[in-house]
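A closer look at the structure
Residues per chain, in single letters:
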Amino acid sequence: MRILTEQQVDDARRMRQMLFGHLLSSALCTVVRLDVPDLLADGPKDVAELAATADADVSSLRRLLRGLAMYGVFAEPAEGVFELTALGRTLCRDAPASARPSALLVSGVVGAVWARLPQTVRRGEPAFRDVFGADFFEYLEKEPEVRAAFGDSQAQGLALELDEILSALDLGGARVVDVGGGDGAFLVEALKRFPDSSGIVFDLPGTAALAERRIAEADLAERCTVVAGDFFDAVPAGGDVYLLSHILHDWGDDDARAVLRRCAAAAPPHARLIVVDLVLRDHGDSAEGYEYGGLLDMYMMSLFGGHGGRERTGGEFVRLLESAGCVDVRVRRLPSGMACVEAGFPKAG
């Protein structure tokens, strides 16, 4: 057996850690499914007590928690006693920007299609329909529980980036049409930040109902309305700003252009377009700071196939918007890796 260099040893060990990353994800999802983070929210507990409450095997649960303690998710202040760390607390139901809804998705429908990634890469086609008998968004409309988990995951993720995005945008005095606005979380916070603005949340009927509830709870019904519909057919007219937050990354270029053209058809001459999405590095840029975007691009491919939803580079955003007739396209990358892409709509005639 030949002697390996120090670099070869480091690379081989790092690769093994990456290969076993699926097991780490599965362990995190398991403790969420067992409600362990919430059971520890009030303080340390003995593993036997935890196992009895969670209906788990004591020995197996202890090994699981010890393994995750190596990653800083839990601590073991005394033998067989576990407590949450600040990192582990992000899995609790009431944690700010809780990761719990994402864990539920990963341990459910999302994880099921990750197992079919080789099929997707070979054929370029999404495996979601093969597994669940419907495309992803069709499935959400038929499965309210999964739709709610997806919406909650989106809303909790939004909490991580909302202040950064709203600080980068000027929506003062604008009537904002939030196209594909989900449960209204983004627009509700935008209207709070800009009290002289108003808006419309536009989404499919099942999701629009969630937005109506959120807007009512925020006491914003006088400034914000909800319209149900399909943005491939038409979008509400008369907005000053057409917002596409985490929408274009759900679609391939042809479908994304169709959405942009529906917005252009509804927009008055002065209106502007704002796209909020992750931005990948352009060729030749350093990879530093872009790793998460690369991971999410593979996630999108697992749901929508090789020719469907995707994260895009700054250059790809410019080319996409210009090919749909948009003008004065400007891409502004934010420190988190998110980007605000602003453009004008094509002028009539």
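Above this text sits the structure in question.
Residues numbered from 1 in each chain as written. Predicted model: local features only at pLDDT ≥ 70, side-chain atom pairs only at ≥ 80, totals over all residues. Heavy atoms only, no water.

Examining the overall build of the protein
Test applied: Note on conventions: DSSP H or I runs of at least 4 residues are helices, E runs of at least 2 residues are strands, and numbering of each starts at the N terminus. In this setup the radius of gyration rests on C-alpha atoms only. A globule is expected at 2.2 Å times the number of residues raised to 0.38. Relative accessibility under 20% of the residue-type maximum defines a buried residue, over 50% an exposed one, and the middle range a partly exposed one, all with a 1.4 Å probe and only protein chains included. Note on contacts: a residue pair is in contact if any heavy atoms of the two residues lie within 4.5 Å. Each accessible area value is a Shrake-Rupley result obtained with a 1.4 Å probe; residue values ignore everything except the protein chains displayed when judging cover.
Counting its secondary structure elements, the protein contains 16 helices and eleven strands. Taken over C-alpha atoms, the radius of gyration comes to 22 Å for the protein, in line with the 20 Å a tight globule of 349 residues would show. Its C-alpha atoms put the protein at 75 × 55 × 40 Å along the principal axes. A total of 349 residues make up the protein; the buried ones form 45% of that total. Contacts in the protein between residues far apart in sequence, at least 24 positions, make up 63% of those at least 6 positions apart. With the model as given, the accessible surface of the protein reaches about 17900 Å², and the carbon-plus-sulfur share is 53%.

A word on the side chain of Glu311
Test applied: Counted as positive: Lys and Arg. Counted as negative: Asp and Glu, with His and the chain ends omitted from the count. Each reported salt bridge corresponds to a side-chain nitrogen of Lys or Arg within 4 Å of a carboxyl oxygen of Asp or Glu.
Along the chain, Glu311 turns up in the loop between helix H15 (291–304) and strand E9 (312–313). This buried residue, Glu311, is left without a salt bridge; Arg312 holds the nearest opposite charge, at 7.1 Å. Setting aside anything within four residues of it in sequence, one finds Glu311 in contact with His249, Leu278, Leu280, Gly293, Leu296, Asp297, Met300 and Glu316.

Some points on unusual backbone geometry
Non-glycine residue Asp35 carries a positive phi angle of around 65°. Positionally, Asp35 belongs in the loop between helix H2 (21–33) and helix H3 (36–39). A residue is classified by how much of its surface remains accessible, and Asp35, at 24% relative accessible area, is partly exposed. Of note in the backbone geometry, Asp219 takes a positive phi value of approximately 60° without being a glycine.

What to know about the packing of helix H4 (residues 47–54) against helix H5 (residues 58–69)
Test applied: Axis definition: a line fitted to C-alpha atoms, over the contacting stretch in the case of helices. Angles run 0 to 180 degrees between N-to-C directions. What sets the label is the angle itself: under 35 degrees gives roughly parallel, over 145 gives roughly antiparallel, 65 to 115 gives roughly perpendicular, and the rest give oblique. Whether a crossing is left-handed or right-handed is set by the direction in which the near helix is turned from the far one by less than a right angle, anticlockwise for left-handed and clockwise for right-handed. Charged means Asp, Glu, Lys or Arg here, nonpolar means Ala, Val, Leu, Ile, Met, Phe, Trp, Tyr, Cys or Pro, and polar covers whatever is left, Gly included.
The interhelical angle for the contact between H4 and H5, taken along N-to-C directions, is 110°, at an axis separation of 9 Å. Between H4 and H5, the interaxial angle falls into the category roughly perpendicular. Crossing of H4 over H5 shows right-handed handedness. Here Val47, Ala48, Leu50 and Ala51 of H4 lie close against H5, whose contacting residues are Val58, Leu61, Arg62 and Leu65. When the residues that make up the contact of H4 with H5 are grouped by side-chain class, the tally is seven nonpolar, no polar and one charged.

Things to note about the packing of helix H11 (residues 144–168) against helix H12 (residues 185–193)
For the pair H11 and H12, the least separation of the axes is 10 Å and the interaxial angle reads 35°. Seen along the crossing, H11 lies across H12 with a hand that is right-handed. From H11, Ala155, Leu158, Leu162, Asp163, Ile165, Leu166 and Ser167 reach across to H12, where they touch Ala185, Phe186, Glu189, Ala190 and Arg193. For the contact of H11 with H12, the class distribution of residues is eight nonpolar, one polar and three charged.

Details of the pairing of strand E6 (residues 224–228)
Defined as follows: If DSSP finds at least two bridges between two strands, the strands pair. A crossover gets the label right-handed when its path from the first strand over the helix to the second runs clockwise, viewed with the strands pointing away from the viewer.
In terms of strand pairing, strand E5 (residues 198–203) meets E6 through five bridges, oriented parallel. Within the sheet, the bridge partner assigned to Ile200 lies in E6 and is Thr225. One crossover worth recording links E5 to the parallel E6 by way of helix H13 (residues 205–217), and it is right-handed.

As for the pattern of salt bridges
Summed over all chains, the structure comprises 18 salt bridges. Among the ionic pairs, Asp130 bridges to Arg123, the shortest N-O distance being 3.8 Å. For Arg332, the salt bridge is made with Glu342, and the minimal N-O distance between the two is 3.5 Å. Of this pair, Arg332 sits in strand E10 (residues 327–333) while Glu342 sits in strand E11 (residues 338–344), placing them ten residues apart in sequence. With relative accessibility at 38%, the residue Arg332 sits in the partly exposed group. For Glu342, a relative accessible area of 13% translates into the label buried.

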